[in-house]
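Descriptive analysis of the structure
Residues per chain, in single letters:
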Amino acid sequence: MKQYAFLVFLFLIFISCNKELSFENESFNKKSSIPCKTDCPQITIDIPIAKNIPVVADSINKKIFSVIKEIVYFGESPLKVKDYEALANSFIASYEEMYKKFPTETYGWEAKIKGNIEFESDQIINIKIDHYTFTGGAHGYQGFRSLLFDPKTGKIIFNDQLFKNEKEFKAFAEKEFRAKYKIPAKSNINATGLMFENEKFQLPQNIFYTEQGLLLYYNAYEAASYADGSKELLFPYEKVSKYLLYQ
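Within each chain, residue numbers correspond to sequence positions counted from 1 in written order. pLDDT decides what is reported in this predicted model: residues at 70 or higher carry local features, side-chain atom pairs at 80 or more are listed and counted, and totals for whole chains, interfaces and linings draw on all residues regardless. The side-chain numbers reported here are obtained from all heavy atoms of the structure, hydrogens and water having been left aside.

What follows covers the sheet that holds strand 1 (residues 22-31). If DSSP finds at least two bridges between two strands, the strands pair. Each helix is a run of DSSP H or I of at least 4 residues and each strand a run of E of at least 2, with the numbering of both proceeding from the N terminus. The 5 strands lie next to each other as 1-2-3-4-5, forming an open sheet whose pairing is mixed. The strands lining the two open edges of the sheet, one partner per strand, are strand 1 and strand 5 (141-149). Going from strand to strand, the sheet's axes swing by 20° on average, the running direction of each strand aside. Here strand 3 (residues 110-120) pairs with strand 4 (residues 125-134) via 10 bridges, running antiparallel. Opposite Glu110, over in strand 4, you have Phe134 as the bridge partner. Throughout, a contact is declared for two residues whenever any of their heavy atoms are within 4.5 Å. In this analysis an axis means a line fitted to C-alpha atoms, helices contributing only their contacting stretch, and an angle means the value between N-to-C directions, from 0 to 180 degrees. With respect to the sheet, helix 2 (residues 54-72) is in contact with strand 1, strand 2 (42-51), strand 3, strand 4 and strand 5, its orientation differing from that of strand 2 by roughly 165°.

Written out as structure tokens, the structure reads:
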């Protein structure tokens, strides 16, 4: 009997060790209860949830949630919001509170969040978050966020950890950026109307691993005005592999 129990124990260990990290998208939706005919306030969140390996999955899920909360949350006490359902409810509650104060000026609030696995390898997982929010004003804001994770630990990989030598890659990227957007090599990087801080080229906040290559993506306002939109550079991996720590 003891031998049988021991074999069962070994079998369970074997099964748990052979579990693979997986993702399953979950959706959360909420609409305002205030009657409306057009532009009815609503929020939709469709996001990949990591599963199977608790410690790794928990680390990934917490980071994704914190980023989405940063994008969506409109209230004053973000620490009270612990899950996506509460986040959706808080967004609509903020709208309804604002509507009570300014019924003729508040309309059409909207939040759309869509997440997907952009890239996955033994070394890196890239989750892309496509987000749009509108809470009044002339226009809403649409952008992309890149979240890079170590699949073995679930820990976030920061942009400066991607490169063998970030300074060398940055110099290479600037040359390519100037060539694509026709900015003379010796001129100010903002000479053609760009808006880099301190008038110096910077790598974007969001770097994506894609099937086509490494994508440097500048959201609106990051390197140019809203009217000029986003800027991007896509490098085939064979062109940048010598700079990368993760493939």
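With that settled, the discussion passes to the layout of surface pockets. Its boundaries defined by the atoms lining it, the largest pocket holds a volume of some 260 Å³. Arg145, Ser146, Leu147, Asn159 and Gln205 are, among the 14 residues lining the largest pocket, the residues nearest its centre. Of all the elements in the fold, those that place two or more residues in the lining of the largest pocket are helix 2, strand 5 and strand 6 (206-209). Ranked by residues supplied to the lining of the largest pocket, first place goes to strand 5 with 4 residues. Asp, Glu, Lys and Arg are counted as charged, while Ala, Val, Leu, Ile, Met, Phe, Trp, Tyr, Cys and Pro are counted as nonpolar; the rest, among them Gly, fall into the polar class. When its residues are assigned to classes, the lining of the largest pocket shows 7 nonpolar, 4 polar and 3 charged. Here the term cavity refers to a set of points on a 1 Å grid, laid over the protein atoms alone, in which a 1.4 Å probe fits but cannot get out; the term pocket refers to an open set having protein on both sides within 12 Å along at least five of seven lines, with lining residues being those that place an atom within 4 Å of a point. Grid points are joined across faces, edges and corners, and a volume is the space filled by probe spheres set on the points.

All right, on to the nonpolar core then. Within the largest apolar cluster, 33 residues are counted, with the highest numbers of intra-cluster contacts made by Ile47, Ile60, Ile64, Ile68, Tyr84, Ile127 and Ile129. Contributing elements (two or more residues each) for this core: strand 1, strand 2, helix 2, helix 3 (84-101), strand 3, strand 4 and strand 5. Examining the composition of this core, we find that 9 residues originate from one element, helix 2, more than from any other. Apart from the residues lying within four places of it in its own chain, the contact partners of Ile127 are Phe23, Pro48, Ile60, Ile64, Asn116, Ile117, Glu118, Arg145, Ser146, Leu147 and Phe149. Ranked by size, the runner-up nonpolar core spans 30 residues in total, among them Phe163, Phe196, Ala223 and Leu244. In this text, buried Ala, Val, Leu, Ile, Met, Phe, Trp, Tyr and Cys residues form a nonpolar core when linked through side-chain atoms within 4.5 Å. Only protein chains enter the accessibility calculation, which uses a 1.4 Å probe; a residue whose area is less than 20% of its type maximum is buried, one above 50% is exposed, and one in between is partly exposed.

For the rest of this paragraph, the subject is helix 3. Helix span is expected to be 1.5 Å times the residue number reduced by one. The terminal C-alpha atoms of helix 3, which comprises 18 residues, lie 26 Å apart, in line with the 26 Å expected from a rise of 1.5 Å per residue. When we look at burial in helix 3, the residues that qualify are Tyr84, Leu87, Ala88, Ser90, Phe91, Ile92, Ser94, Tyr95 and Glu96. Looking at the buried residues of helix 3, the elements they touch are strand 1, strand 2, helix 2, strand 3 and strand 4. Where helix 3 begins, the capping side chain belongs to Asp83, and its oxygen is found 3.3 Å from the backbone nitrogen of Glu85. Definition of a polar contact: a pair of N or O atoms within 3.5 Å, with one able to donate and the other able to accept a hydrogen when the atoms are protein atoms, and with sequence-neighbouring residues admitted only if both atoms are side-chain atoms.

What follows deals with the pattern of salt bridges. Here, a salt bridge means any Lys or Arg side-chain nitrogen found within 4 Å of an Asp or Glu carboxyl oxygen. Considering all chains together, one arrives at 8 salt bridges under this definition. Between Lys62 and Asp58 there is a salt bridge, with its nearest N and O atoms 3.3 Å apart. Here Asp58 and Lys62 lie together in helix 2, a separation of 4 residues that amounts to about one turn. Given a relative accessible area of 38%, Asp58 falls into the partly exposed group. Notably, a salt bridge pairs Arg178 with Glu174, separated by 3.1 Å at the nearest N-O pair. Here the residue Arg178 and the residue Glu174 both occupy positions in helix 4 (residues 166-180), the gap between them amounting to 4 residues, near one helical turn.

The pairing test for Phe, Tyr and Trp rings, Trp by its six-membered ring, is centres within 6.5 Å, and the orientation test on the planes gives stacked under 30 degrees, edge-to-face over 60, and tilted for anything in between. Scanning the entire structure with this criterion turns up 25 aromatic pairs. For the ring pair Phe169 and Phe235, a centre distance of 6.2 Å and an interplane angle of 85° mean the geometry is edge-to-face. Taken together, the residues Phe169 in helix 4 and Phe235 in strand 8 (residues 231-235) connect sequence positions 66 residues apart. Ring geometry for Phe177 and Tyr181: centres 4.8 Å apart, planes at 45°, overall tilted. Only when the NZ of Lys or the CZ of Arg is both within 6 Å of the ring centre and within 35 degrees of the ring normal is a charge said to sit over the ring. Across the ring face of Phe144, the terminal group of Lys128 is positioned such that the distance to the ring centre comes to 4.2 Å.

End to end, helix 2 covers 26 Å across 19 residues, agreeing with the expected 27 Å (1.5 Å per residue, within 8%). On its buried face, helix 2 is in contact with strand 1, strand 2, helix 3, strand 3, strand 4 and strand 5.

Position of Asp150 among the secondary structure elements: in the loop between strand 5 and helix 4. The side chain of Asp150 is buried and forms no salt bridge, while Lys152, the nearest opposite charge, is found at 5.0 Å. Ignoring anything within four residues of it in the chain, the contact list for Asp150 reads Gln123, Lys155 and Ile157. Under the counting rule used here, the positive set is Lys and Arg, the negative set is Asp and Glu, and His together with the chain ends is not counted.

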